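Below, each chain spelled out in residue letters.
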Amino acid sequence: MRGRISTALVVLLATAACGGGGGTADDIAKTPPKQTGVPKNGGTAVVALTPGLSPNYIYPYPPASASGTVIARGQLWRSLYRPSGAGDQIVDTGPSLAELPVYSQDRKTATIRMKGYKWSSGRPVTADDVVFSLDLLKAALAGSPANWSFYTPGQFPDGISAKATATDTLSLTLDTAYNPSYLLSMLSLLYIMPSAEWNIARTGGPHLDFTQPRNAKAIYDHLTKESSDQKSFATNPLWQVVNGPFRLKAFDPTTGSFSLVANKAYSGPGEKRLDQVDFKAFTSAAAVLNQFKAGNLTVGTLDSGFISQVGALKTKGYNVYGAPAPARFDSLTINFKNTVNGFDKVIAQPYVRQALQRLIDQKGYIAGRGIYGGAGSENYSTAGADSPYPPAFGSTAPYAYDPEAARKLLADHGWKVVPDGATTCEKPALCGSGIQQGQAFRFTLASADTPKYVGARDVAFASAAKKLGIQVDLVTKSLNYMYANYGNSFAPAKANEWAMQDYGPLYLAAGYPSSNTVFNTDGSFNLGSYADPAADKLINASTFGADSKALSAEVTALGKDLPALFLPTPNTLVVWKNTLSGPGSSFQALLSSLYAPEQWYFHS
């Protein structure tokens, strides 16, 4: 196995070295170019979707059973508050549908004033639409807690009553006071849907009182059923009622590619100069690169494994801008419920997780050609880059890269370390509870087939582990397969199929990167079943308390306890033709996969 790993790594490095194109991390702009040119009306922008993530659903909240990736999220229907693309802000107030909440002194009542946006039908976006959307979300969760990946039982939207006190005014009554920043981050995930047009349980059926849970369930079932018919996405009248800047013109069920045209009734920011935006689906990062080089794409992201191609792209007339996305962290997600080779017992030991973290050479990954190519930054916490809630240890790694320290940790805890061989537990009393004498240290790491750097960094990690006699069995899976099958909260039957997984980035809420739902014991997105009472207490404090220091305490504790192994954060490389322009913030937001083509234009 060692030879296979080494060979694979050499091939990756050689491929990058031979790629040509004349580009390094120094050739990438660290801030978006200024808005430029004389705007022209018209034109079609062609945008590359993230490879491997073709949309297959249109209703904003696909049920867990659908394994759905939503089409044009945020373009057809806006959430109550538009998420921010900046690290120090939770929401972008400009394109949000409502003014910021006003809280009572006990934080148990929030009053929200709608801004006066309109549906494509011309009807105002009202407080009733927000109540409708919240009721449908509750109906989805009543069916299965797994139907919304941001849900923790007993938390939002549980215990929250919404009432339209006027056409443009909403009152939220909370059983338990939330930290206002956390509640705002939840409201940024609440997509607002048309209550007057979608409140039906069958096509042509009567309009129903959606505040009755039975009716809300019937409406939800109808909408999710309609959303399973991909061939009708562009023709079903339901999906043409939008409050976002675009409506769907065409969808290809075979590939997942789709086209948007402007919603003429949209009243939010942006000049809406483009005639059309085509989103193209790809199965590999290499295919995206080839389309860039052929000049067939207007906007997209470049896999950092192709950083040597930056020079060629600039010659072709593209801007290339790169930075780490706010509130993003990359990690090897640990499955604490995987019992193969006694992995659950082994990984439960904090010293084991510390030893494995010490095998991750973050500086080396960043510098490595074929991995990050110089475009990345070290990260050892869930807060991500430039967070207003940094860990107490700052940028100093709690468990810095040190293979010798990793070897000593294992040896001091009763393991017989056999470099390039099979390390086994020699003294069970020291190895930890449930670990048997002679037990080998071996596990499976599922690696996403895209982006390219994911496979490269996982190969490097497995190679370092092998040098301590730890066998890491690498398997490559598609992103869609991993999203559908590798999470104990929604696919517990697959728990023994993966011990660790690397599916790329995880984005928390920009401006308030709480790990609620991700690392609390009952969190619906707690993929690997991490459970720690102390962490739960800290997460509850950042979720419900008013202490502004609570989130930093949570971030610090998780960085030290290692519910996942932290990897460096690659810069997201955003590429767009220099004949296209718009506010720099609209291109910066692409770091967080937030699209704002209504603000773009071609220029002379």
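Report on the accompanying structure. (Residues numbered from 1 in each chain as written. Predicted model: local features only at pLDDT ≥ 70, side-chain atom pairs only at ≥ 80, totals over all residues. Heavy atoms only, no water.)

### Structural notes on the packing of helix 15 (residues 533–544) against helix 16 (residues 550–561)
Item 1. One way to put it is that helix 15 packs onto helix 16 with a least axis distance of 8 Å and a crossing angle of 155 degrees. Judged by the angle between their axes, helix 15 and helix 16 are roughly antiparallel. For the element pair helix 15 and helix 16, the recorded crossing hand is left-handed. Here helix 15 contributes A535, L538, I539, A541 and S542 to the contact with helix 16, which in turn contributes A550, L551, A553, E554, A557 and L558.
Item 2. In terms of residue class, the contact of helix 15 with helix 16 is made up of nine nonpolar, one polar and one charged. (Axes fitted to C-alpha atoms, helices over the stretch in contact; angles between N-to-C directions. Helix = DSSP H or I, 4+ residues; strand = E, 2+ residues; numbered from the N terminus. Parallel < 35°, antiparallel > 145°, perpendicular 65-115°, else oblique. Left-handed = near helix turned anticlockwise from the far one by under 90°. Contact = heavy atoms within 4.5 Å. Nonpolar A, V, L, I, M, F, W, Y, C, P; charged D, E, K, R; others polar.)

### Focus on the state of the cysteines
Item 1. Applying the stated criterion across every chain yields a total of one disulfide.
Item 2. The partner cysteine of C425 in its disulfide is C431, sulfur to sulfur 2.2 Å. On the sign convention where negative is left-handed, the bridge of C425 and C431, at about 110 degrees about the S-S bond, is right-handed. For the residue pair C425 and C431, the accessibility class agrees, reading buried in each case. (Disulfide = S-S within 2.5 Å. Buried < 20%, exposed > 50% of the residue type's maximum accessible area, 1.4 Å probe, protein only.)

### Points about unusual backbone geometry
The phi angle of most residues is negative, glycine excepted, and most peptide bonds adopt the trans form.
Item 1. A cis amide bond, omega 10 degrees, links F156 with the succeeding residue P157.
Item 2. Relative to the assigned elements, P157 resides in the loop between helix 2 (127–143) and strand 7 (160–166).
Item 3. Between T450 and P451 the backbone carries a cis peptide bond, its omega angle lying at 0 degrees.
Item 4. Tracing the backbone shows P451 in the loop between strand 18 (442–448) and helix 13 (452–466).
Item 5. Of note, the phi angle at L562 is positive, near 60 degrees, even though the residue is not glycine.

### A closer look at the side chain of Q276
Item 1. Looking at the element boundaries, Q276 is found in strand 11 (residues 276–280).
Item 2. Discounting chain neighbours no more than four positions away, the residues touching Q276 are G43, T44, A45, K249, S259, L260 and V261.

### A short note on the sheet that holds strand 5 (residues 102–103)
Item 1. Spatially, 5-6-8-7 is the arrangement adopted by the four strands of the open sheet, whose pairing is antiparallel. Of all strands in the sheet, those with a lone pairing partner are strand 5 and strand 7, marking the two edges.
Item 2. Judged from the two bridges that link them, strand 5 and strand 6 (residues 109–113) form a sheet pairing that is antiparallel. Across the sheet, the residue bridging to V102 is T111, located in strand 6. (Pairing = 2+ DSSP bridges.)

### Some points on the pattern of salt bridges
Item 1. Under the defined criterion, the tally for this structure stands at 14 salt bridges.
Item 2. Here D502 ties to R457 by a salt bridge, and the two come within 2.8 Å at their closest N and O atoms. Of the two residues, D502 sits in strand 20 (residues 500–502) while R457 sits in helix 13, which places them 45 residues apart along the sequence.
Item 3. Here D502 falls in the buried class, since its relative accessible area comes to 0%.
Item 4. A single network of salt bridges, built from pairs that share partners, joins R328, D330, R457 and D502. (Salt bridge = Lys/Arg side-chain N within 4 Å of Asp/Glu carboxyl O.)

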